[in-house]
Amino acid sequence: MRAILVLWFVFFSTVSFANDELMTPMTGVRTAPPIELPDSDGKAFSMKEFEGKYILVNFWAHWCGPCVKEFPAMQTLYDALKDDGFEIIAIHAGPPQGRVRPFLEKHNITFKTVLDADMSAHGWEVPALPVSYLINPEGKLVYKAVGPREWDIDQMRALMTTK
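Residues numbered from 1 in each chain as written. Predicted model: local features only at pLDDT ≥ 70, side-chain atom pairs only at ≥ 80, totals over all residues. Heavy atoms only, no water.

1. Describing helix α4 (residues 153-162)
Moving on, step 1. Residues of α4 that are buried: Met156, Leu159 and Met160. The arc that holds the buried residues of α4, viewed along the axis, is 100°, so those residues lie on one side. Exposed and facing more than 90 degrees away from the buried side of α4 are Asp154, Thr161 and Thr162.
Moving on, step 2. For α4, the N-terminal cap is Asp152; the gap from its side-chain oxygen to the backbone nitrogen of Asp154 is 3.2 Å. (Buried < 20%, exposed > 50% of the residue type's maximum accessible area, 1.4 Å probe, protein only. Helix = DSSP H or I, 4+ residues; strand = E, 2+ residues; numbered from the N terminus. Arc of directions from axis to C-beta. Polar contact = N/O pair within 3.5 Å; in protein donor to acceptor, adjacent residues only side chain to side chain.)

See the structure below:
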């Protein structure tokens, strides 16, 4: 079963998703599922640390080309918005195989990265990698993006003020 899931991720992570919108609105009001996982340094992390902020939750893997490609744009987005109540949690899906920390260091990634080695982050819909969700300061899921994005700063600012 795990092999089928990995193949599913590999297939969909190589598909290009063209979309003019940065993210699409979520239908209905749903509270974001909790995230309590070790970070890339092995320290316990809880999403509660970011309560009251906008949080971009991104599911990715080191072997996913489109995931890796969007990380520099995510870092630029984080650098531009971190002082405006914005955080990023990048959830590495699957075993890190010793490759996550070197990748983060090589690309100077400073936003929060957590490891979900056994894919135990329940309650999240992850049909492909990468997939991202925007959570508002009240903890509600408000936007979703399936596939890689350029992560335009002005478009994200607009999303943070419209919902």
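2. What about the nonpolar core?
Moving on, step 1. If you look at the biggest cluster of nonpolar residues, it comprises 52 residues, and the most contacted ones within it are Met23, Phe86, Trp124, Trp151 and Met156.
Moving on, step 2. When residues of this core are traced back to their parent elements, those giving at least two are β4 (54-60), α2 (65-81), β5 (86-93), α3 (100-106), β6 (112-116), β7 (131-135), β8 (140-146) and α4.
Moving on, step 3. For this core, the leading source of residues is α2, giving 7 residues.
Moving on, step 4. Sequence-distant contacts of Met156, that is, excluding residues within four places in its chain, are made with Leu22, Met23, Leu56, Leu77, Leu81, Phe86, Leu134 and Trp151. (Core = buried A, V, L, I, M, F, W, Y, C linked by side-chain atoms within 4.5 Å. Contact = heavy atoms within 4.5 Å.)

3. Focus: the pairing of β6
Moving on, step 1. Of all 5 residues making up β6, 4 are buried, and the element is well covered by its neighbours.
Moving on, step 2. Of the pairings in the sheet, the one linking β5 to β6 comprises 5 bridges and is parallel in character. The residue of β6 that forms the bridge with Ala93 is Asp116.
Moving on, step 3. Handedness of the crossover joining β5 and β6 through α3: right-handed. (Pairing = 2+ DSSP bridges. Right-handed = clockwise from strand over helix to strand, strands pointing away.)

4. Here we look at the packing of α2 against α4
Moving on, step 1. At a closest axis distance of 10 Å, the pairing of α2 and α4 adopts a crossing angle of 55°. In terms of axis orientation, α2 runs oblique to α4. Along this stretch, α2 crosses α4, giving a crossing that reads as right-handed. Facing α2, whose interface residues are Thr76, Leu77, Ala80 and Leu81, α4 presents Ile153, Met156, Arg157 and Met160.
Moving on, step 2. Class assignment for the residues of the contact of α2 with α4 results in 6 nonpolar, 1 polar and 1 charged. (Axes fitted to C-alpha atoms, helices over the stretch in contact; angles between N-to-C directions. Parallel < 35°, antiparallel > 145°, perpendicular 65-115°, else oblique. Left-handed = near helix turned anticlockwise from the far one by under 90°. Nonpolar A, V, L, I, M, F, W, Y, C, P; charged D, E, K, R; others polar.)

5. Some remarks on the state of the cysteines
Moving on, step 1. Counted by the stated rule, this structure contains 1 disulfide.
Moving on, step 2. Paired by a disulfide, Cys64 and Cys67 hold their sulfur atoms 2.3 Å apart. As the torsion about the S-S bond is roughly 75°, the Cys64-Cys67 disulfide counts as right-handed. The same class applies to Cys64 as to Cys67, namely buried. (Disulfide = S-S within 2.5 Å.)

6. What to know about the confidence of the model for the protein
Moving on, step 1. Overall, the predicted model of the protein reaches an average pLDDT of 88, with 87% of residues at or above 70.
Moving on, step 2. Across residues 3-19 the pLDDT falls below 50, and counting only partners more than four positions away or on other chains, this stretch makes 23 contacts in the model. (pLDDT = per-residue confidence, 0-100.)

7. Concerning the environment of Gly147
Moving on, step 1. Within the fold, Gly147 resides in the loop between β8 and α4.
Moving on, step 2. Take Gly147: its relative accessible area is 0%, and that puts it in the buried class.
Moving on, step 3. Taking the C-alpha atoms as reference, Gly147 lies 9.7 Å from Pro127; in sequence the two are 20 residues apart.

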